[in-house]
Amino acid sequence: IGGSYANGANGPDSVATPSDPAALRARMAGGDVTFRWKNPRRAIYRSFIAQVEWMQRSAETPGGPDVTRTGGYAWGDFQFARRWHVGGRYDWSDNLNSAEQKAATGVLGFLTYLPSEFASMSAQVRHQKLEGDARVTEYYFKTTFNIGPHGSHPF
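## Looking at the pairing of strand β7 (residues 119–129)
- Here strand β6 (residues 103–116) pairs with β7 via 10 bridges, running antiparallel. The residue of β7 that forms the bridge with Y113 is M121.
- What sits between β6 and β7 in their antiparallel hairpin is a turn of 2 residues.
- With 11 bridges joining them, β7 and strand β8 (residues 135–145) adopt antiparallel strand pairing. For S122, the partnering residue across the bridge sits in β8 and is K142.

## Here's the deal with a nonpolar patch on the surface
- A contiguous nonpolar surface patch, about 600 Å² in accessible area, is contributed by F35, W37, F78, F80, W84, V86 and L111.
- Broken down by secondary-structure element, the contributors of at least two residues to the nonpolar patch are β2 (25–38), β4 (64–81) and β5 (84–94).
- Its location among the elements puts L111 in strand β6.

## Observations regarding the side chain of D94
- Position of D94 among the secondary structure elements: in strand β5.
- A distance of 2.7 Å separates the side chain of D94 from the backbone nitrogen of T70, its partner in a polar contact.

## Focus on the sheet that holds strand β3 (residues 47–61)
- If you walk across this open sheet you meet the 8 strands as β1-β2-β3-β4-β5-β6-β7-β8, and the pairing is antiparallel. Whereas interior strands pair on both sides, the edge strands pair on one side only; in this sheet they are β1 (2–9) and β8. Strand-to-strand twist across the sheet, computed as the mean angle between neighbouring axes with direction ignored, equals 10°.

## A short note on the pattern of salt bridges
- Taken as a whole and assessed by the stated rule, the structure comprises 3 salt bridges.
- A salt bridge links R27 to D66; the shortest N-O distance between them is 3.0 Å. On the criterion of sequence distance, the pair formed by R27 in strand β2 and D66 in strand β4 is long-range, its members being 39 residues apart.
- Classification of R27 by relative accessible area gives partly exposed; the value is 24%.
- Judged by its relative accessible area of 40%, D66 falls in the partly exposed class.
- Across the pair E138 and R126 runs a salt bridge, and its minimum N-O distance is 3.9 Å. Linking E138 in strand β8 with R126 in strand β7, this pair joins segments that are 12 residues apart in sequence.
- For E138, a relative accessible area of 26% translates into the label partly exposed.

## Topic: the environment of P115
- Tracing the sequence through the fold places P115 in strand β6.
- Residues P115 and W84, 31 residues apart in the sequence, show an inter-C-alpha distance of 9.1 Å.
- Every residue in contact with P115, bar those within four places of it in the chain, is listed here: R83, S120 and M121.

Cut-offs used in this document
Residues numbered from 1 in each chain as written. Predicted model: local features only at pLDDT ≥ 70, side-chain atom pairs only at ≥ 80, totals over all residues. Heavy atoms only, no water. Pairing = 2+ DSSP bridges. Helix = DSSP H or I, 4+ residues; strand = E, 2+ residues; numbered from the N terminus. Patch = residues over 30% accessible without salt bridge, like charges linked within 9 Å, V, L, I, M, F, W, Y side chains within 5 Å. Areas by Shrake-Rupley, 256 points an atom, 1.4 Å probe, with all protein chains shown as cover. Salt bridge = Lys/Arg side-chain N within 4 Å of Asp/Glu carboxyl O. Polar contact = N/O pair within 3.5 Å; in protein donor to acceptor, adjacent residues only side chain to side chain. Axes fitted to C-alpha atoms, helices over the stretch in contact; angles between N-to-C directions. Buried < 20%, exposed > 50% of the residue type's maximum accessible area, 1.4 Å probe, protein only. Contact = heavy atoms within 4.5 Å.

Any functional reading would require information beyond the geometric quantities listed.
As structure tokens, then:
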């Protein structure tokens, strides 16, 4: 479980320095929860990770009301075999281009194969619902690999 908070100058709008009391202010708050599970008998074959994170930013504006934006995501990854994972993510955020603050949402599903501890290959599909009724579907093939020195093994 985690949390964050920040409060600072929101740009020196007609003030000499950001520390000037007349400077506009911005505040950010967030929280997250992560759950990890591994089967004690078959730890290399089964595992599950779930995570939820939320953030909100509120900023003062010159001569107007504060502008508040919120966003977050929920994510899960299930390892169903030694080298295979399946999972998904749901994310949402206030649309920064809209005065009505309509939300943009998206879902992503993935299937990942790990040929070694230094590489992964993932097929992904992402569907987004943007402002109004605009919808976008994207397909990805992602590969990740590490080259170079790495930490020693625990044995």
